Amino acid sequence: MSAEPPPAAAPEQAPGPEPPAGGEEPAEHRALVLTGFGGYEKVKVQARRGGGPRPGEVSVRVRACGLNFADLMARQGLYDRLPPPPVCPGMECAGTVRALGDGVRDRQVGDKVMVLARSGLWQEVVNVPVSQTFLIPEGMSFEEAAALLVNYITAYMILFDFGNLRPNQSVLIHMAAGGVGTAAIQLCKTVENVTIFGTASASKHESLKESGVTHPIDYRTMDYVEEVRKISPKGVDIVLDPLGGSDTSKAFNLLKPMGKLITYGVANLLTGQKKNLMAMAKTWWNQFSINALQLLHHNKAVCGYHLGYMDEEFELVGGVVAKLVNLYSQGKIKPKIDSVWPFDQVADAMRQMQEKKNVGKVILVPEAPKEESKKEEN
């Protein structure tokens, strides 16, 4: 099904009669709205008016939403797949099907689903094409389901489709305690004898070791290139690069012959709450560039990955989700939840991620979680 198809058709953009739901569904619902580009305060809870699903769509009562690095960049106006504000962000969520549009045959009211879209999912109710929904496997919570799609699809396609990860290879994972990093570590563990180098602040190293990172590296106090070379003088087979700028050049130079660099983000642009023109200029100036002839001499590969541009690749992405669901059902992967925040505390949730305090996924929920579940998550 679709990776980042058109923005989720918010119910208020789909006028029509409110679907029958025994009178329990209000016509109005709460949504998180990006009112303009800037700091944390630019994302506000607003009321939106609901409508029924169009033909081919399902209406979903949202129970949990995923927060991604792209959402932080979008808030600063640095993410090109988000429509201009005011706009509802959110690329993934999980919930229960509450109504079916005409022509929908493969979903039923009451189905638990996870949803992937280009934007628009941070609200209590969403209407989305049925092709953007995936059934939640048995035993998976809504929070886990909201943590699966973006991070695990990204990590899977980078490691296996581009990276061709095989037994006895080595991988460097930057931001190893984040959403994609956590997913990548778990997926590396499904292949025999993979050596994992992971960069993260020192406070996260114990957690990284427990999760399977062979060599955690504190990027704040050490030169990660030197640290990798001490252990593996020839370098590594695969580098996952979400950083951009000068780090992409370092990644390329760290590759062994036949090694693969997959770049999938520009986290170096995020230096504070608001857009930083100096950081943008520095990243642009240091951006890695290589021509095809130079690649010949190096025997290395450079790949670019952006889930947001897989709009029409329904079968490709759907096949990856099926593999991920299978791995989950076998107990080989399990989304790690860092923390759960109600919509009202979205600023704190974004701060948790932007200041890199999270180990695992940051989740948003429409209502405050119950005390017991809060204790479980912390």
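Everything below is about the structure shown above.
It should be emphasised that the depicted structure is a prediction, and the values quoted were computed from it without experimental measurement.

A. Representation of the side chain of Gln76 within the structure. Along the chain, the position of Gln76 falls in the loop between helix 1 (69-75) and strand 4 (92-100). Overall, the relative accessible area of 2% leaves Gln76 in the buried class. Here Gln273 takes part through its backbone oxygen, which lies 2.8 Å from a polar atom of the side chain of Gln76.

B. Structural view of the pairing of strand 12 (residues 255-263). Here strand 11 (residues 236-241) pairs with strand 12 via five bridges, running parallel. The residue of strand 12 that forms the bridge with Val239 is Leu261. Handedness of the β-α-β unit built from strand 11, helix 6 (residues 246-254) and strand 12 comes out right-handed. Relative to strand 13 (residues 301-304), strand 12 is paired through four bridges, and the arrangement is parallel. Opposite Lys260, over in strand 13, you have Ala301 as the bridge partner.

C. Just the pattern of salt bridges, in detail. A full pass over the atoms with the stated rule returns eleven salt bridges. The partner of Lys361 in a salt bridge is Glu92, and the shortest N-O contact between them spans 2.6 Å. A residue pair is termed long-range when its members are at least 10 positions apart, and Lys361 in strand 15 (residues 361-365) and Glu92 in strand 4 qualify at 269 residues. For the pair Lys361 and Glu92, a shared accessibility class is recorded, and that class is buried. When the shortest N-O distance is used, the salt bridge between Lys256 and Asp237 registers 3.7 Å. With Lys256 in strand 12 and Asp237 in strand 11, this pair connects stretches of sequence that are 19 residues apart.

Analysis parameters
Position numbers for residues count from 1 along each chain, tracking the sequence in the order it is written. Thresholds applied to this predicted model are a pLDDT of at least 70 for local features of residues and 80 or more for the giving and counting of side-chain atom pairs; totals over whole chains, interfaces and linings are not thresholded and use all residues. Values shown for side chains rest on all heavy atoms present in the structure; no hydrogens or waters enter the calculation. Numbered from the N terminus, helices here are DSSP runs of H or I no shorter than four residues, and strands are runs of E no shorter than two. Working definition: with a 1.4 Å probe on protein chains only, accessible area under 20% of the residue-type maximum means buried, over 50% means exposed, and in between means partly exposed. Two N or O atoms form a polar contact when they lie within 3.5 Å of each other; inside protein one atom must be a possible hydrogen donor and the other a possible acceptor, and for residues adjacent in sequence the pair counts only when both atoms belong to side chains. For two strands to be treated as a pair, DSSP must find no fewer than two bridges joining them. By convention, a crossover is right-handed whenever its connection, traced from the first strand over the helix to the second and viewed with the strands pointing away, goes clockwise. By salt bridge we mean one thing: a side-chain nitrogen of Lys or Arg within 4 Å of a carboxyl oxygen of Asp or Glu.

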